[in-house]
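# A structural walkthrough
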Amino acid sequence: MASVTQQIPNFLGGVSRQPDDKKIPGQVREAINAYADPTYGLSKRPGTKWLGNLSSTTNEFQNGKWFYINRDAAEKYIGVIYGANIKIWNVNDPTATVTVTNSGSSYLTYGTSTAKDSLQVLTVQDTTIVTNNKVTVTTQAAPSFTAKSKATIRLLSAEYGASYSVTINGFTTSAYTTKNTEDPSLSNTTNTQVLNAEEVLTQIKNRIDTINTTNSLGLTVTQLKGVIEISSASSFTISAKGGISGEELLAFQDEVQNFSNLPAESVHGRIVKINNTVAKEDSYYAEFIAENTTYNPDGSVNVPGSGKGNWQETVAPNVSVGLTAATMPHELFNNNLNSFIFRPISWEERLVGDDETNEHPSFVGKTIQQVFFHNNRLGFLTGDNVSMSQSGEFYNFYHVSALTQADNDPIDISCSSLRPAVLHAVLPAAQGLVMFSKSQQFLMYSDDGILTPKTSVIRTIANYENEDLIPPVDVGTNMVFLSKSPGYTRIYAMATRGQQENPDVLDIGRVVSEWVPDSVAELIASPQNSFFAMYGPTSDYVYFFRTYVVGDETVMQTWFNWKLQGDVQFLSVDSDDIYIVTYQSGQYVLSKANLTQTPDEAILRADSGQVVQLCLDQYATPSSVSYDSATKTNRCYLRYKDITGLQPAVIIADPNNTGESGFTVIPTRGDDGNPYFEFVGDDYSDLASTVYVGFKYDFDVQLPTIFYQIEENRSDYTANLTISRVKFSVGLSSNVGFKLKAKGQSEWYDVQSIQDADYYLANDVPLNEQTVYTLPIHQRNSNFDLKVFSDSPFPISLTSMMWEGSYSPRFYRRA
């Protein structure tokens, strides 16, 4: 047998469920509480710093909708919607009172589904938009309108010797005949004057007043220059004739044929429909705005005027003016530090047109599944429709004119598909918007790159099933979505290409097939750190996938998971900080983990000046420390409920490095009405700020069977291989242990490593920049399993491994 040695250059391959002989060197069977980093190697995950207790009421926020708001460095909030209630905490100071004025509780409780499944949250600047996908959108009731209750009589020309009359409700005024100097019988002392149009109009008005009074028609008659305006509380009919041809006196009520029929003067608020052509889409409405109208400070009309003014395009008087705010998404408005208002949004009303020329958006009468923001437009997904607001007018879903379509008008478009397509999620891409239904993916795009009502197109780009209750996420270079099967979850990555090309879709979860359970309910991403994570509210595990790309080459793709101190209710990544809400011991707790090796908070500092990451869960200073001088016992009272299933630890932080930095003890736990940890030692009652309590957690990496590699990624699994020893190289790390289990045995045996004398500084944080641990094995490669583990409260970084052994190809030549 030949003596051989080979190296595994790193452990950045992550977890693989493939058989060991198919694993790539660097892949492992399991990596619990690990964090893969191309610089530091496979490290122990950072500890979680306790920030605050959110609730001590059992299951108070069960099935609640959690969300994160990042305004700026001073205003970062975590909130939850549960039932009709909203609670928000400032993560910089969770003890501060954050007030929420709730003026929309009925919107939150509509429907029978839980808030977690029915509510969608989108934050745009200082406003968070909350959408309930169980609420059917309705429109405001149409205003009361009495057709043909107004009329306009317009004198087109005053002719000599012509007759003028008006008929209202069948009652005809006496005819008024103008003078004619060519007719001696009509001659009088004024026949030398020019015929006056206002005189003609006055005579017509006087005759209208006569039949109005005589027949009790209840009309209000107003004479203006060249026009008479008539109004009534009820409908009436009217016709007029005048002039030699009978066509010089024009009477109309609710509509005219074209704009030229409208008078130059009218009463304020007079609305007329202009037909233009027989086509309904060519019609529009005009309203007269009188110059002498006075207004209230709020913009409403104080005293309507009449006379001179102008005609403006307006909305039909007999249609709904817009959306019902109570059935539309609401806003959670951050009006001040630690202050929010939840209220209906003031959606812009329909200002022009009617149900034919400026119809309601397609989500009316339906439920809104998702809200998004793209290219300065607010958008909704409803069924198979995409509705986007006016550009720059986020709350306006109506056109600005019924006469023409502008590029900034709202977009309302449907995706055509042979399959039922209910859109539930959308992500922006360089080519446009990628939209997801349960079994298809679509791309909404424009050839010129700018989405407008005229140029927007939707086409199908893929046909993959995905989970409609878990929105996909953008990881920077691709999009990730999930598809659940009984017992486990599939994970896909999609990268779009050209507008006319299908995307690249990869089943990135294939290597860990059936490893991610179907209990995961949330998916988050951190493009800055190149990872996404999955978790569920009934499990304390979080599943990560991280990549590292150099140019066009992906040099790291790795799976690992974290086991946290409680069931994970919420997770949010902000730069290098992960905010975590867990539920344990009947309590909701907010904590934070920092992903860097040198956190900004210098709790532990080595003699070299190196700031050290603290690897304890829910670490915090005690609320108080008492000391019993008789028993020399320190009692550290916890700021949260004790987690009895975890191993407690107390560590002394000594930022001034006076001799006890990193001193760690395993305390006993107790409860005298308040939970505490207790340990024997010096008096720390006056040094409570240097004492940290928390819980240990295991860094546990299970290695695969070691095979001799004939060539790159090719294992010789038929050879006879005996492993003599393995050597692990670790980076900035504390003590590390190993566990061995012989084949057929159920127990793991601890093999503890020992720091070499004279290689560490006494009374200092027990860390070495670089250490090589040698582990004797002397076993057939298939006769043992090996784990690397550490429950130390200090970091550990596994960089590489070399093994030595005896290799025999059994006299067979390898081809």
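Residues numbered from 1 in each chain as written. Predicted model: local features only at pLDDT ≥ 70, side-chain atom pairs only at ≥ 80, totals over all residues. Heavy atoms only, no water.

### Overview of the overall build of the protein chain
Condition: Counting from the N terminus, the helices are the DSSP runs of H or I reaching at least four residues and the strands are the DSSP runs of E reaching at least two. Computation of the radius of gyration draws on C-alpha atoms, with the globule rule given as 2.2 Å multiplied by the number of residues to the power 0.38. Exposure categories follow from relative accessible area, calculated using a 1.4 Å probe and restricted to protein chains: below 20% of the type maximum is buried, above 50% is exposed, and the middle band is partly exposed. Any pair of residues with heavy atoms lying within 4.5 Å of one another is described as a contacting pair. Only four residue types enter the charge count, namely Lys and Arg as positive and Asp and Glu as negative; His and the chain termini do not. We put the charge of a Lys on NZ, of an Arg on CZ, of an Asp on CG and of a Glu on CD.
A tally of helices and strands in the protein chain yields three helices and 68 strands. On C-alpha atoms alone, the protein chain measures out to a radius of gyration of 39 Å, which is more than a quarter above the 28 Å that the 2.2 N^0.38 rule sets for 815 residues. Judged by the C-alpha coordinates and their principal axes, the protein chain covers about 140 × 75 × 45 Å. Buried positions account for 51% of the 815 residues belonging to the protein chain. The long-range share in the protein chain, meaning contacts at least 24 apart out of those at least 6 apart in sequence, stands at 63%. Between the averaged position of the 58 positive side-chain charges in the protein chain and that of its 87 negative side-chain charges there is a distance of 6 Å.

### Points about a nonpolar patch on the surface
So the rule is basically this: In this scheme, patches are assembled from residues that exceed 30% relative accessible area and form no salt bridge. Like charges are connected within 9 Å, while nonpolar side chains (Val, Leu, Ile, Met, Phe, Trp, Tyr) are connected within 5 Å. Surface accessibility follows the Shrake-Rupley procedure with a 1.4 Å probe radius. Residue values consider only the protein chains on display as shielding. The salt bridge criterion pairs a side-chain nitrogen of Lys or Arg with a carboxyl oxygen of Asp or Glu, the two atoms within 4 Å.
Together, Tyr548, Val550 and Val555 line one region of the surface with nonpolar side chains, adding up to about 250 Å² of accessible area. With respect to the helices and strands, the residue Val555 is situated in strand E46 (residues 553-563). Its relative accessible area of 43% is what places Val555 among the partly exposed residues.

### Some thoughts on empty space enclosed by the protein
The following threshold applies: Using a 1 Å grid laid over the protein atoms alone, points where a 1.4 Å probe fits but cannot get out form a cavity; open sets with protein on both sides within 12 Å along at least 5 of 7 lines form a pocket; any residue with an atom within 4 Å of a point counts as lining. Grid points are joined across faces, edges and corners, and a volume is the space filled by probe spheres set on the points. Gly counts as polar in this scheme, as do all residues outside two lists: the nonpolar Ala, Val, Leu, Ile, Met, Phe, Trp, Tyr, Cys and Pro, and the charged Asp, Glu, Lys and Arg.
Counted according to the given criterion, the structure contains five cavities of 30 Å³ or more. In this structure, the largest cavity encloses a volume near 100 Å³. Residue lining of the largest cavity: Tyr35, Ser43, Lys44, Arg45, Pro46, Asn594, Leu595, Thr596, Gln597, Gln613, Pro795 and Ile796, and that is the complete set. Looking at side-chain class alone, the lining of the largest cavity contains five nonpolar, five polar and two charged residues. Roughly 60 Å³ of volume is contained in the second largest cavity. Lining the second largest cavity are Tyr488, Thr489, Arg490, Ile491, Asp507, Gly509, Arg510, Val512, Ser513 and Glu514. Across the lining of the second largest cavity, the residue classes tally to three nonpolar, three polar and four charged.

### What about helix H3 (residues 197-214)?
For clarity, the cut-off: Expected span of a helix: the number of residues minus one, times 1.5 Å. To obtain the arc, one takes the directions from the helix axis to the C-beta atoms.
Over its 18 residues, H3 runs 26 Å from end to end, which matches the ideal 26 Å to within 8%, given 1.5 Å per residue. Buried within H3 are the following residues: Val200, Leu201, Ile204, Lys205, Ile208, Ile211 and Asn212. What you see down the axis of H3 is that its buried residues fit within an arc of 135°, all on one side. Exposed residues on H3 whose side chains face more than 90 degrees from its buried face are Thr213 and Thr214.

### A few points about the packing of aromatic side chains
Basically, it comes down to this: Put simply, two rings from Phe, Tyr or Trp (the six-membered ring, in Trp's case) pair if the centres are within 6.5 Å, and we call them stacked under 30 degrees between planes, edge-to-face over 60, tilted for the rest. Two thresholds decide whether a charge sits over a ring: the Lys NZ or Arg CZ must be within 6 Å of the ring centre and within 35 degrees of the ring normal.
Going through the model one piece at a time under the given rule, you end up with 43 aromatic pairs. Judged by centre distance (4.9 Å) and plane angle (85°), the ring pair of Tyr77 and Phe340 falls under edge-to-face. Of the two residues, Tyr77 is situated in strand E9 (residues 76-82) and Phe340 in strand E30 (residues 339-344); the sequence distance between them amounts to 263 residues. In this pair, the class of Tyr77 matches that of Phe340, namely buried. Chaining the aromatic ring pairs together yields one cluster made of Phe61, Trp66, Tyr82, Trp89, Phe570, Tyr583 and Tyr588. The side chain of Arg45 reaches across the aromatic face of Tyr697, ending 3.9 Å from its centre. Directly above the ring of Phe789 sits Lys739, whose terminal nitrogen or CZ lies 4.7 Å from the centroid.

### Things to note about the side chain of Ser729
Within the secondary structure layout, Ser729 lies in strand E63 (residues 720-730). According to the relative accessible area criterion, Ser729 is buried, its value standing at 13%. For Ser729, the contacting residues outside a window of four places in its chain are Gln770, Thr771, Val772, Ser797, Leu798, Thr799 and Ser800.

### Observations regarding the layout of surface pockets
Reported here for the largest pocket is a volume of approximately 1,500 Å³. Lining the largest pocket are 45 residues, and of these Val121, Val473, Leu523, Ile524 and Phe570 sit closest to its centre. Those elements that provide at least two residues to the lining of the largest pocket are strand E8 (65-70), strand E12 (119-124), strand E31 (370-374), strand E35 (425-429), strand E39 (473-474), strand E43 (522-526) and strand E47 (567-574). The element contributing the most residues to the lining of the largest pocket is E47, with six residues. Residues that form the lining of the largest pocket fall into these classes: 30 nonpolar, 10 polar and five charged. Of the voids in this model, the second largest pocket is the one considered here, and its volume is about 630 Å³. Considering the residues around the second largest pocket, the lining is formed by 26 residues, among which Phe145, Ile271, Val315, Pro317 and Asn318 are closest to the centre. Secondary structure elements with two or more residues in the lining of the second largest pocket: strand E24 (271-274) and strand E25 (284-290).

### Some thoughts on the side chain of His330
Applied cut-off: In the analysis that follows, any N or O atom pair within 3.5 Å is treated as a polar contact, provided that within protein one partner can donate a hydrogen and the other can accept it, and provided that, for residues neighboring in sequence, both atoms belong to side chains.
With respect to the helices and strands, His330 occurs in strand E29 (residues 330-336). Classification of His330 as buried rests on a relative accessible area of 2%. There is a polar contact of 2.8 Å between the side chain of His330 and the backbone oxygen of Met328. Not counting residues up to four positions away in its chain, the partners in contact with His330 are Gly104, Tyr107, Thr128, Ile129, Val130, Ala325, Phe342, Arg343, Pro344 and Ile345.

### Topic: the environment of Asn85
Inspection of the secondary structure puts Asn85 in strand E10 (residues 85-90). With a relative accessible area of 39%, Asn85 lands in the partly exposed category. For the pair Asn85 and Thr109, spaced 24 residues apart in sequence, the C-alpha to C-alpha distance is 9.1 Å. In this structure, Asn85 is in contact with Val80 and Asn102, ignoring residues within four places of it in sequence.

### So, the sheet that holds strand E40 (residues 479-485)
Under the convention used in this document: Here, a strand pair is defined by DSSP locating no fewer than two bridges between the strands.
Ordered by their spatial adjacency, four strands build an open sheet running E39-E40-E41-E42, and the pairing between neighbours is antiparallel. Single-partner strands in this sheet number two, and they are E39 and strand E42 (504-506).

### Some remarks on the nonpolar core
Keep this limit in mind: Among buried residues, the Ala, Val, Leu, Ile, Met, Phe, Trp, Tyr and Cys ones that are joined through side-chain atoms within 4.5 Å form a nonpolar core.
Residues Trp66, Phe532, Met534, Trp559, Val726 and Phe728 are the most contacted members of the largest nonpolar core, which totals 86 residues. Every residue in contact with Phe532, bar those within four places of it in the chain, is listed here: Val473, Val475, Val480, Ile491, Ile508, Leu523, Ile524, Ala525, Tyr543, Phe544, Phe545 and Trp559. Formed by 22 residues, the second largest nonpolar core is a distinct cluster that contains Ala151, Ala162, Ile208 and Leu249.

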